[in-house]
Amino acid sequence: MSRFLWFYFGTNGRLARRQWWLGGLVLFVLGLLLAGVELAALGVTMDDLAAALDTGAAGKAVAAAVRRDIDVIGAGDAVLFFLPWVCLSVKRRHDRGRSGADYIVLASLELVLNVVRVVPYIPGVQLPAAFDLDLQPADLAIAAVGLYLLIVLGFRGTVPGANRYGPDPLAA
């Protein structure tokens, strides 16, 4: 049990690529399953999701309601999975000899954007017109940095030998 807790909730030590990919796959599958259960609990069907992709007037009406549900679920799930993803990725950055602070900043910004998207859906909250932000540029910037980190974390190999973060995970 302590190895599991370290794997998903500890930031000390190092993770090799394979461990990071497998840990991330588990979190990804759990996230998909949880989102599916949450959407089903809200009554969102596959037909609703398909209709949301329709660019006509009917599709736009369905899209607004479905988008609200997806934003709320996405924000909740982002909060739930924040710490395990950060811990996995920080240990992977450690394996490359880096601190992991860049990943923590990126993940925190993404979490804040997910939560900001939900604020307009809170009943009784009146937001000033200035709050109607276009988050697309921020999303694109985070996606670009995220792509870079995916390449570094997922495809660059382990730096051989011990470093200041611990022993080589492949040497064990």
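Residues numbered from 1 in each chain as written. Predicted model: local features only at pLDDT ≥ 70, side-chain atom pairs only at ≥ 80, totals over all residues. Heavy atoms only, no water.

Caption draft 1: Focus on the side chain of D69. The residue D69 is located in helix α4 (residues 57-95) in this model. For D69, a relative accessible area of 11% puts it in the buried group. Setting aside anything within four residues of it in sequence, one finds D69 in contact with L39, L42 and V44. (Helix = DSSP H or I, 4+ residues; strand = E, 2+ residues; numbered from the N terminus. Buried < 20%, exposed > 50% of the residue type's maximum accessible area, 1.4 Å probe, protein only. Contact = heavy atoms within 4.5 Å.)

Caption draft 2: Local environment of the environment of G13. On the secondary structure map, G13 appears in the loop between α1 (2-9) and α2 (17-41). The residues contacting G13, other than those within four sequence positions of it, are W6, K91, H94 and Y165.

Caption draft 3: Representation of the packing of aromatic side chains in the model. This model, assessed by the stated rule, comprises five aromatic pairs. With a centroid separation of 6.4 Å and an interplanar angle of 55 degrees, the aromatic rings of W6 and F7 are classed as tilted. Both residues of the pair, W6 and F7, count as buried. The ring of W6 has K91 lying over it, and the distance from NZ or CZ to the ring centre is 4.6 Å. (Phe/Tyr/Trp six-rings, centres within 6.5 Å; stacked < 30°, edge-to-face > 60°. Lys NZ or Arg CZ within 6 Å of the ring centre and 35° of its normal.)

Caption draft 4: How the structure looks around the nonpolar core. The biggest cluster of nonpolar side chains holds 18 residues, and the ones touching the most others in it are F7, Y8, L15, L27, V86, L88 and Y103. In this structure, Y103 is in contact with W85, V86, S89, L149 and L153, ignoring residues within four places of it in sequence. In this structure, A35, V44, V66 and I73 belong to the second largest nonpolar core, which totals five residues. (Core = buried A, V, L, I, M, F, W, Y, C linked by side-chain atoms within 4.5 Å.)

Caption draft 5: Just a nonpolar patch on the surface, in detail. Together, L22, L25, V26, F28, V29, L30, L32 and L33 give the surface a local cluster of nonpolar side chains, amounting to about 740 Å² of exposed area. Note that L25 resides in helix α2. We classify L25 as partly exposed; its relative accessible area is 48%. (Patch = residues over 30% accessible without salt bridge, like charges linked within 9 Å, V, L, I, M, F, W, Y side chains within 5 Å. Areas by Shrake-Rupley, 256 points an atom, 1.4 Å probe, with all protein chains shown as cover. Salt bridge = Lys/Arg side-chain N within 4 Å of Asp/Glu carboxyl O.)

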